[in-house]
Amino acid sequence: MHILCPAGMAAISSAVLAICNSGDHVVCSNCVYGGTFAFMKTYLPLKTGISVSFVDITDLAAVEAAFTSTTKVLFTEVLSNPTLVVSDLPALASIAHAHGSHLVVDNTFTPLAVTPARWGADVVVHSMTKFISGASDVIAGAVCGSNQFLQQLMDLQTGPIMLQGPTMDPRIASELLLRLPHLPLRIQEHSRRAQAMAELLEELGAKVVYPGLPSHQHHATLKRLLNPGYGYGGLVGLDMGTPTKAEALMERLQNKHGFGLMAVSLGYADTLMSLSAASTSSELSDMDKASANISDGYVRMSVGVTGTLEQRLSQLHEAFTFVVACNGCPPFRATKLQRQPNGRMMELFSWPSGGP
């Protein structure tokens, strides 16, 4: 059963507020989407009196130790945003249920590929803006759970969806309904291309993060959780070491090759590239980013499905090797000129360029 919301954050906040009351406690993964982090770290304690502890979700002993007598929710993402850490859902469910708590799982990165409810999740939330929509033209979310839980959300006296009004526009629901039939095909292709790009980057010596690579520290965990046929997801992480190198790579891929777009969001037809520390994780302090292993040069790449795979691999190879060779400092500058009344050209401004 599910309830549709106008945004992924509406789904997350409604789910947590339906379970918790003032004085309750939440245990949350220390590496989650920036909006989720801000909601957990600042909004809940300040506005509701709900306390939150952040833990390394892969350290099961630390997760267990974080529970208190008032803990009602253990919150995690199947694949962490943006570092692609894998949550061991059966183990986390066992811990949460032993303490009488709910396991709430964000499955935005792996729709169809992973079914969290199968592994013990009590509530599953989605930002449908991403892969489920596939077109980056609507904002939507969903809360999935038991009929009893959905009734809590819609309770006339205390239901956060009933009283705060985060319900989806029916026109958006209608548009999404038309896109669901081809979601399996899209997920398969996003994953196929992400796997190929991750393998190429690893061959080039890049510091690449992708759970489909055997070298990924949680490869075996995700392999155990996967539904067959959908791959390891469409997100690839690439640590370029510095923001300068990361931006040079993204600019060359976008401006020289048309490989993708420098933009946040994910799950779009075109590849979307963003510098996580300065965008979707900007709500985290420097200390919090360090704790979550989000470096300033980390590029989150949502691999698209446009162009041929061979073409995209060639473009990625050229751009990566170029940026590494020039250490992120392209040997060219682009200049905007203006002709003066006397016929002379005056330089208005210039910027680093990837060149021809």
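Presented here is an overview of the structure given in this document. The structure presented is a predicted model; accordingly, all values stated were derived computationally and were not measured.

## A look at the packing of aromatic side chains
The way to describe two aromatic rings as a pair is by their centre distance and the angle between their planes.
Piece 1. The tally for this structure, following the rule as stated, stands at two aromatic pairs.
Piece 2. Measuring from centroid to centroid gives 5.5 Å for Phe 39 and Tyr 43, while their planes differ by 25°, and the two rings are stacked. Here Phe 39 pairs with Tyr 43, and both are found in helix α2 (residues 34–48), just four residues apart, close to one helical turn.
Piece 3. Of note, Arg 252 hangs over the ring of Phe 322, and the distance from its end group to the ring centre comes to 3.5 Å.

## Remarks on the side chain of Ser 302
Piece 1. Tracing the chain through its elements places Ser 302 in strand β12 (residues 298–302).
Piece 2. The exposure class of Ser 302 is buried, given its relative accessible area of 1%.

## Topic: the pattern of salt bridges
Piece 1. Under the defined criterion, the tally for this structure stands at nine salt bridges.
Piece 2. In this structure, the salt-bridge partner of Asp 88 is Arg 224, at a minimum N-O distance of 3.5 Å. In this pair, Asp 88 is assigned in the loop between β4 (71–77) and α4 (89–98) and Arg 224 in helix α9 (residues 219–225), connecting sequence segments 136 residues apart.
Piece 3. Using a relative accessible area of 40% as the deciding quantity, one classes Arg 224 as partly exposed.
Piece 4. With a shortest N-O distance of 2.8 Å, Glu 189 and Arg 192 are connected by a salt bridge. Taken together, the residues span about one helical turn, with Glu 189 and Arg 192 both in helix α8 (residues 183–203) at a distance of three residues.
Piece 5. Residue Arg 192 is classed as partly exposed on the basis of its relative accessible area, which comes to 43%.
Piece 6. Bridged by salt links that share partners, the residues Asp 137, Glu 175 and Arg 179 form one connected network.

## As for a nonpolar patch on the surface
Piece 1. Together, Met 154, Leu 156, Met 162 and Leu 163 give the surface a local cluster of nonpolar side chains, amounting to about 380 Å² of exposed area.
Piece 2. Locating Leu 163 in the fold gives a position in helix α6 (residues 160–164).
Piece 3. Judged by its relative accessible area of 52%, Leu 163 is exposed.

## Focus: α8
Piece 1. For α8, with 21 residues, the first-to-last C-alpha span of 30 Å sits near the 30 Å given by 1.5 Å per residue.
Piece 2. Positioned one or two residues after α8, Gly 205 has a phi angle of 85°, which is positive.

About the cut-offs
- Residues numbered from 1 in each chain as written.
- Predicted model: local features only at pLDDT ≥ 70, side-chain atom pairs only at ≥ 80, totals over all residues.
- Heavy atoms only, no water.
- Phe/Tyr/Trp six-rings, centres within 6.5 Å; stacked < 30°, edge-to-face > 60°.
- Helix = DSSP H or I, 4+ residues; strand = E, 2+ residues; numbered from the N terminus.
- Lys NZ or Arg CZ within 6 Å of the ring centre and 35° of its normal.
- Buried < 20%, exposed > 50% of the residue type's maximum accessible area, 1.4 Å probe, protein only.
- Salt bridge = Lys/Arg side-chain N within 4 Å of Asp/Glu carboxyl O.
- Patch = residues over 30% accessible without salt bridge, like charges linked within 9 Å, V, L, I, M, F, W, Y side chains within 5 Å.
- Areas by Shrake-Rupley, 256 points an atom, 1.4 Å probe, with all protein chains shown as cover.
- Expected span 1.5 Å × (residues − 1).

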